[in-house]
Amino acid sequence: MGIQNAELELVLKKCEQDSVPHKEALYKGYYGFIKGVVRRYVNDYHVMEELVNDSFVKIFNNLNTFKAPGFSSDIEQSFRGWVAKIESRTAIDFLRKKKMNFLQEEPSENHFPEQQPSGVHTSEVKDIMSLLNQLPEIQKTVFNLYEIEGFSHEEIARLLQISENVCRVYLSRAKNKLKALYIKHF
């Protein structure tokens, strides 16, 4: 579940001083969280492990750039957000290097998906996450970035080097396919 605020502050400070026991504590404290983020992008166990470890290397190398909020009660939440952003970008970089063809199923620029509210009940989250793996990689990636990570269409378009309209289409297709899969399986 991570490391609590007061302890996290000390652990981060000691990690910046290259303390191995504190780095191990940070690794053990956030391994599950980071693996959960990675799992939303890739299915292969070995790739997941590699991306988790790559993320920790980036985290340790860039700890000095983490800006803790003014209130110590918010450090854990801010750190989780910072870590999740590093992880999601690490996964996207991996997918890009893997040459995932984001334009493979290029939707028409004139297609504007209907905007529907995206309310997901807590009881459905686990089922939806299991269904995510059945989506094409591009749809899964856009869905994760928008619905789970909270990126805007503009940010996703820039990250994936696609237009905002194409991003909206992929999101719409992902939602429609998830809905159909949910109805079929549940």
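What counts and how
Residues numbered from 1 in each chain as written. Predicted model: local features only at pLDDT ≥ 70, side-chain atom pairs only at ≥ 80, totals over all residues. Heavy atoms only, no water. Salt bridge = Lys/Arg side-chain N within 4 Å of Asp/Glu carboxyl O. Helix = DSSP H or I, 4+ residues; strand = E, 2+ residues; numbered from the N terminus. Buried < 20%, exposed > 50% of the residue type's maximum accessible area, 1.4 Å probe, protein only. Contact = heavy atoms within 4.5 Å. Expected span 1.5 Å × (residues − 1). Polar contact = N/O pair within 3.5 Å; in protein donor to acceptor, adjacent residues only side chain to side chain.

A separate point is the pattern of salt bridges. Summed over the entire model, instances satisfying the criterion amount to nine salt bridges. Between R40 and E149 there is a salt bridge; the shortest N-O distance is 2.4 Å. Placement of R40 in the loop between helix 2 (20-39) and helix 3 (45-61) and of E149 in the loop between helix 6 (137-148) and helix 7 (153-160) is noted, with a sequence separation of 109 residues between them. R40 gets classed as buried once you look at its relative accessible area, which sits at 15%. Of the charged contacts in the structure, one is a salt bridge between K175 and E147, with a shortest N-O distance of 3.0 Å. Of this pair, K175 sits in helix 8 (residues 164-185) while E147 sits in helix 6, and the two are 28 residues apart along the sequence. Judged by relative accessible area, which is 24%, E147 ranks as partly exposed. Within this structure, K58, D93 and R96 form a network of salt bridges that share partners.

Its place among the elements puts S88 in helix 4 (residues 75-97). For S88, the residues in contact, after removing those within four places along its chain, are V37, Y41, L145, E149 and F151.

The next subject is the side chain of S55. Along the chain, the position of S55 falls in helix 3. Relative accessible area serves as the criterion here: at 0%, S55 is assigned to the buried category. In this structure S55 touches I34, I86, E87 and T90, once residues within four positions along its chain are discounted.

Attention shifts here to helix 3. Taking 1.5 Å of rise per residue, 17 residues should cover 24 Å, and helix 3 covers 24 Å from first to last C-alpha, within 8% of that figure. Buried within helix 3 are the following residues: V47, M48, E49, L51, V52, S55, F56 and I59. Measuring from the side-chain oxygen of the N-cap residue of helix 3 to the backbone nitrogen of H46 gives 2.9 Å; that N-cap residue is D44.

With that settled, the discussion passes to unusual backbone geometry. Unusually for a residue other than glycine, D18 sits at a positive phi of about 70°. As for its position among the elements, D18 is in the loop between helix 1 (5-16) and helix 2. With a phi close to 60°, Q161 is a non-glycine residue in the positive phi region. The topology assignment puts Q161 in the loop between helix 7 and helix 8.

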